[in-house]
Amino acid sequence: MAELPQQVRVAIVDDHESVVLGLRAACLDAGFDVVGVALTMDALLPLLEGATVDVIVLDLSLGDASTVTSNVQRARATGADVLIHSIADRASSIRDALAAGAAGVIPKTSSTSIVMAAIRQVARGEVLNNLEWASAIDADQAFSRAQLGRREQDVLHLYASGLPLKAVAAQLGIAPSTAREYLDRVRAKYVEVGRPAPTKVDLLRRAVEDGILAIDDVRHAGR
């Protein structure tokens, strides 16, 4: 399991001021460094110039006509991981957030302690695998699964769970170059269905989303 940053640096985006203030107070009580709060991504980004952020807590739907896909992508472009904080009642929007690279979804009905624990988990570079994630995927029939072959699934399972590629090859009794070829095919297939996975953490997300890897099987996942 990856270690927490020395002090978790958090930014918050929600178009309800009371939610922003409540989350900010809870994060400060938890010992986090709150580096910026805003009602929109447009308002947040100037506040983050020159700052390092570990986690951006982002509302699923903001009041400025922005899309969740754009908001997650812009948040991720800062170098932060993204935790969606939402009423979690729109499966397709949640799916869009996850596909855009959000690390997970936490309902606004959750207790403060659960939200703070989720922020810590995301700050460690881990995927937040919970009922909201699973329900969004199960309910959205448009969620395209990559058609991976058996060997491709084996390579993805081992690699996404934390093994280096050479160790994956050794465990499967194949050459490292062959393991790399399978992994390249996996990435290509995810691109084909509109769910690119350029990094190892992205591959971990796809493996969990598609039921190839249970989150309990993850040995360690780097950022």
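Here, the structure is the one placed above.
Attention in this report is confined to the structure presented alongside it. (Residues numbered from 1 in each chain as written. Predicted model: local features only at pLDDT ≥ 70, side-chain atom pairs only at ≥ 80, totals over all residues. Heavy atoms only, no water.)

**A few points about the overall build of the protein**
Point 1. Scanning the protein from N- to C-terminus turns up 10 helices and 5 strands.
Point 2. Scored against the burial criterion, the 223 residues of the protein give a buried share of 48%.
Point 3. Of the contacts made within the protein by residues no fewer than 6 positions apart, 66% connect residues no fewer than 24 positions apart.
Point 4. Accessible surface computed for the protein: about 10100 Å², of which carbon and sulfur atoms make up 50%. (Helix = DSSP H or I, 4+ residues; strand = E, 2+ residues; numbered from the N terminus. Buried < 20%, exposed > 50% of the residue type's maximum accessible area, 1.4 Å probe, protein only. Contact = heavy atoms within 4.5 Å. Areas by Shrake-Rupley, 256 points an atom, 1.4 Å probe, with all protein chains shown as cover.)

**Digging into the pairing of strand β2 (residues 33-38)**
Point 1. Relative to β2, strand β1 (residues 9-13) is paired through 5 bridges, and the arrangement is parallel. Among the inter-strand pairings, valine 13 is bridged to a residue of β2, identified as alanine 38. (Pairing = 2+ DSSP bridges.)

**Things to note about the packing of helix α1 (residues 17-29) against helix α5 (residues 112-123)**
Point 1. It is at 10 Å that the axes of α1 and α5 come closest, and there the two elements cross at 70°. By the angle between their directions, the pair α1 and α5 is classed as roughly perpendicular. Handedness of the α1/α5 crossing: right-handed. Residues Leu23, Ala26 and Cys27 of α1 form the contact with α5, whose own contacting residues are Thr112, Val115, Met116 and Ile119. (Axes fitted to C-alpha atoms, helices over the stretch in contact; angles between N-to-C directions. Parallel < 35°, antiparallel > 145°, perpendicular 65-115°, else oblique. Left-handed = near helix turned anticlockwise from the far one by under 90°.)

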